[in-house]
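Structural overview
This is what each chain is made of:
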Amino acid sequence: MKLKMEPATEIIESIENKEIIDSEEGNAPEEEKEVIELEEGNAPEEEKEVIELEEIDLSKNVEVTEEDVEEKSKSQLIKIAGELRDRRNELNQEASRRATLRDRLNDETRNRVDEAHSHREKRDELNNSVQSTKEERDEMNRSASELFKGVGNKKKESGAKKEKPISALEKEIESLEFRQQTEVLTGGTERKLIEKIADLKEKYSEKKKQLEQDRELGEKKRQAEHSRREASALHREMIQLADDAQLEHNKMIECYRMADQVRNEADEIHAKFIHAQELADFHHEWFIKVQKKLRKMDKRDESSRQSVREAAREEAKKEGEEIYERFKKGQALGTEDLMKLQKAGLL
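The next thing to look at is the nonpolar core. Counting residues in each nonpolar core, the largest one holds 12 residues, listed as Val-62, Val-64, Val-69, Leu-77, Ile-80, Ala-81, Leu-84, Trp-286, Phe-287, Val-290, Leu-294 and Met-297. Of all the secondary structure elements, the ones that give two or more residues to this core are helix H2 (74-160) and helix H4 (187-328). Among the elements that make up this core, the one with the highest residue count is H4 (five residues). When near neighbours in sequence (up to four residues on either side) are disregarded, Val-290 contacts Val-69, Leu-77, Ile-80, Ala-81 and Leu-84.

Here's what the structure looks like:
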C-alpha cells in the first residue's frame, strides 16, 4: 500500500484500517539466508536476539506413502516414525522462529501507527491554533482598518477648511479688545468692533473643539497602529504554527509509510511461517499414521503371543493328564514327569 502525501489539514490513514496478523503462520525464499532486525528509533528497551532465517531444505523432508505404511516391516516403520518425529520437531522450531519474528514486526507496526496517531493529534491541535490565530489576526486588521478609515475622513474634513490657527485668533481677539478699551470710538464703529470680536470668539471656540477632536484622532491613530502591529505579530505566529503543523503532518506520513513497510515484511514472514507449519503438520500427520500402524502391529503381535501361550498351556495340561494317568496305574515317574505335573497344576 502506498500513502499519498496530503496537505497538513488532510489525513490519509489507510494503514490503520488494515488488520495486523497476530496468530496465524508462514514461507521463505530459495537458498537464501535472511536476517531481519527492527528499525532504529523504536528499539525495545532490552536488546532482542537477531533472528536469522534460512531457506527450508526440502531434501530433508521424509517421504512416506500409504503403501509403505501397509507393507514395511515393524523395524522399518519404527525407523520411519523416528525420522518423521525428528523432522516434524525441526520444522516446528523453524515455524516458531518465524512466528517470533513476525510478532516482533507486528509490534513494530503497531508502534509506528501509534506514533503516527500522536503526530496527527499534534497536527490537528496546531491546525486549530492556526485557525484561531487567523481569526484574531483578521479581527485586529478589521479594527485597524476601521480606525485608520475614521482618522483619514476627519483629516480630509479638517484639511478642506483653511482657517487661521487658534493662536492667531487669540491674538486678534486680544488686539481688538485692547483697541475697544483704549480708543474712543463712535457708536457705529464700536458696534462693528464688538460684533467682530464676538465672531472671532465663536471661531476660537469652534477651533478649540476641533483641537480636542484632533487629540482624539491622534489617540485613534495610535490605537490603529497598535492593532496593525498586533495583527502583524499574530500573522507571524500563524505562519509558525502552520509550519509546525506541516512538520507534524510530514512526520505522520513518514510513520505510516514505515508502518506499511514493516507490515509488508511481517506479511512475508507470516507466509514463511505458514509454509514451515504446513510442512511440520504434514510430517506430524504421517507420524501419527505410522504410530497407529505400529500400535496395530503391537496388538497383533501380542494377540499372537497370547495364542502361543494358550496353546502351550493346553499342551502342558494334556501332557500332565497323561502322566497322571500313568501314575495312577502304578508307573514310576521321573523328575521330568514330576515337573510337567507341577507345570500342569496337577501336583
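Having seen the structure, we can now continue with the description.
What follows covers the packing of aromatic side chains. A complete count under the given rule lists zero aromatic pairs for this structure. For Arg-88, the ring lying beneath its charged end belongs to Phe-287, and the centroid distance is 5.0 Å. Sitting over the ring of Phe-273, Arg-102 keeps its end group 5.1 Å from the ring centre.

Attention now moves to the confidence of the model for the protein chain. Residues of the protein chain with pLDDT of at least 70 account for 68%, and the chain-wide mean is 76. At the low end of the mean pLDDT range in the protein chain sits strand E1 (residues 33-36), at 40; at the high end sits helix H1 (residues 66-71), at 92. Scored below 50 in pLDDT, residues 1-45 shows 126 contacts in the model against residues more than four places distant or in partner chains.

So, about the pattern of salt bridges. A complete count under the given rule lists 16 salt bridges for this structure. For Glu-66, the salt bridge identified is with Lys-289, shortest N-O distance 3.1 Å. Placement of the pair is Glu-66 in helix H1 and Lys-289 in helix H4, with a sequence separation of 223 residues. Classification of Glu-66 as partly exposed rests on a relative accessible area of 44%. Overall, the relative accessible area of 36% leaves Lys-289 in the partly exposed class. The salt bridge involving Arg-137 is made with Asp-138; its shortest N-O contact spans 2.8 Å. Here the residues in one salt-bridge network are Glu-108, Arg-112 and Glu-115, joined through shared partners.

Scoring rules and cut-offs
Residues numbered from 1 in each chain as written. Predicted model: local features only at pLDDT ≥ 70, side-chain atom pairs only at ≥ 80, totals over all residues. Heavy atoms only, no water. Core = buried A, V, L, I, M, F, W, Y, C linked by side-chain atoms within 4.5 Å. Buried < 20%, exposed > 50% of the residue type's maximum accessible area, 1.4 Å probe, protein only. Helix = DSSP H or I, 4+ residues; strand = E, 2+ residues; numbered from the N terminus. Contact = heavy atoms within 4.5 Å. Phe/Tyr/Trp six-rings, centres within 6.5 Å; stacked < 30°, edge-to-face > 60°. Lys NZ or Arg CZ within 6 Å of the ring centre and 35° of its normal. pLDDT = per-residue confidence, 0-100. Salt bridge = Lys/Arg side-chain N within 4 Å of Asp/Glu carboxyl O.

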